[in-house]
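Now for the letters of each chain:
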Amino acid sequence: MPKSLLFHFLHLLLFTVFALAANAIAATPIAHQFKEAPQFYNSPDCPIIIDEDESDGEASILCSDQAVHVAMTLDTAYIRGSMAAVLSVLQHSSCPQNIALHFVASATANASLLRATITSSFPYLNFQVYPFDDSFVSRLISTSIRSALDCPLNYARSYLANLLPLCVSRVVYLDSDLVLVDDIAKLAATPLGDNSVLAAPEYCNANFTSYFTLTFWSNPSLSLTFANRKACYFNTGVMVTDLDRWRDGDFTTKIEEWMELQKRMRIYELGSLPPFLLVFAGNIVPVDHRWNQHGLGGDNFRGLCRDLHPGPVSLLHWSGKGKPWARLDANRPCPLDALWAPYDLLQTPFALDS
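Residues numbered from 1 in each chain as written. Predicted model: local features only at pLDDT ≥ 70, side-chain atom pairs only at ≥ 80, totals over all residues. Heavy atoms only, no water.

The chain goes by Hexosyltransferase in an unreviewed UniProt entry, where it is assigned to Durio zibethinus. What UniProt states about the chain under its Pathway (unreviewed entry) heading is, verbatim, "Glycan metabolism; pectin biosynthesis." UniProt, in the comment section headed Sequence similarities (unreviewed entry), describes the chain in these words: "Belongs to the glycosyltransferase 8 family." (UniProt positions renumbered as here; feature names shortened; annotations may be inferred.)

And the structure:
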C-alpha cells in the first residue's frame, strides 16, 4: 500500500475511534436508578397559577411572578445530590406546586436522559432543562485547589441571567450538595431593597484576605477594589438573585473580566467564588445564617467531619470535599450525614428486588 494511502487510512481510523469515544462519553448512562418521590400539594392559601398561557413554549408557571423560581445545575456526577435537594425543597414547601425548577446542564450532556430521570422521580414537577455551552467559560477557567471546582458547569451560576427566560426576574440558586428543612418561599421573599442584585448569608468573621493571593493584595490598584466596601465572605451555593438587575448591570461581563485578569496574573485560588466576591462582596443583602449551614463537607483537601454552626437551621450544605452520599456508600459517614440520608432517592438493589 502506498504511504499516502496508508497515512490516509490511519487518519480515518483515528478520527473514527475518537468520534466513537466522544459519543460514548456523551451517551454515558446515569449509573443509578431513583425512586419516585411522593406527590406534594399546595396548602389552601397558596396562590393559584393557571397553566393556560404557553407563550414561547414555556408553561406559565415557568414564567409566573407568583412562582418560586429555583435554579440548579444538573449532571450525572452530582445527580444523586440534586435529587435529594429537590425532594427537600418540595417536602418543606407550603406551596410545592408553585415551585418552578430551572436546571442547567452541559450542552454535551444527554439532556433527554437527565429529563427522564427527573420526571421519573418527580412526575408532577414544573421544570425545564437549559443547555449550557461549556465554551462560554472554559477558556476563562484557571486551575484551582480542587479539580471539582474547575468544572465549567460550576460557573453556570454566573450565566443564569443569560440562560433563563427573560420573564424570570428573581431566582434562588442552590448547589446540589444541600437539603432544605424549611420553606424555600421564605428565602425567595428576601427583600433586595432598591439597588441590590443578590442576597446571601455573609460571614464577616472569616479571613477575607485569604481568598486572594499576595499578588492581588500587593497591587495597589487591585487591592483598592474593596475600598469603601465592608467586604465579607459569602458562599455562592445559596443565593437569591434579581435577574433583571443583573442583566441591567451586565454582571456576567464584570465577572468574566476578573476571570480574564486571573488568567494573566494569579490573583486567587478558589474556582468560581472569588470573582463573585470581587464584584459583589460588601454590596449584597445579608441573609440569616440559618439559610446556609455550609462547610459540612469539610475542607477542600480532606473533607473531614464538621459540626453545625451555632443557631437555628433552615438549610444544610455539604460544601467542601466530602459529600454525604459518597461517605454513606463507603460506610464512613459523618454524624450529620444522617440528616441528608432521608432525602436520598437512590433505588437500592434490595428495593429493586422487593
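What follows continues from the structure just given.
Any chance you could explain the packing of aromatic side chains here in plain terms?
Any pair of aromatic rings gets described here by the distance separating the centres and the angle formed by the planes. Evaluation of the coordinates by the stated rule reveals 19 aromatic pairs. Relative to W325, the ring of Y78 lies with its centre 5.9 Å away and its plane at 85°, an arrangement referred to as edge-to-face. Residue Y78 is found in the loop between β1 (68–73) and α2 (79–91), and its partner W325 is found in helix α12 (residues 324–329); the two are separated by 247 residues along the sequence. On the basis of relative accessible area, Y78 is assigned to the partly exposed category, the value being 26%. When its relative accessible area of 9% is taken as the criterion, W325 is described as buried. Where F103 meets F127, the ring centres are 5.9 Å apart and the plane angle is 70°; that geometry is what we call edge-to-face. (Phe/Tyr/Trp six-rings, centres within 6.5 Å; stacked < 30°, edge-to-face > 60°. Helix = DSSP H or I, 4+ residues; strand = E, 2+ residues; numbered from the N terminus. Buried < 20%, exposed > 50% of the residue type's maximum accessible area, 1.4 Å probe, protein only.)

Just to check I follow, could you spell out the nonpolar core for this structure?
One recurring pattern in soluble globular proteins: nonpolar side chains tend to sit buried together. Counting 50 residues, the largest nonpolar core has F212, F234, W246 and F280 as the members making the most contacts within it. The element contributing the most residues to this core is helix α11 (residues 273–280), with six residues. Residues within four places of F234 in sequence aside, it is in contact with L198, A200, P201, E202, Y203, M239, L273, F276, L277, F280, A281 and I284. (Core = buried A, V, L, I, M, F, W, Y, C linked by side-chain atoms within 4.5 Å. Contact = heavy atoms within 4.5 Å.)

Is there a simple way to explain the pattern of salt bridges in this structure?
Tallied over the full model, the rule gives nine salt bridges. Across the pair D344 and R80 runs a salt bridge whose closest N-O atoms are separated by 2.7 Å. Of this pair, D344 sits in the loop between α12 and α13 (349–353) while R80 sits in helix α2, and the two are 264 residues apart along the sequence. Note that R245 is salt-bridged to D242, the shortest N-O span being 3.5 Å. Assessed through its relative accessible area of 23%, R245 is described here as partly exposed. If you follow the salt bridges from partner to partner, you end up with R80, D329 and D344 in one network. (Salt bridge = Lys/Arg side-chain N within 4 Å of Asp/Glu carboxyl O.)

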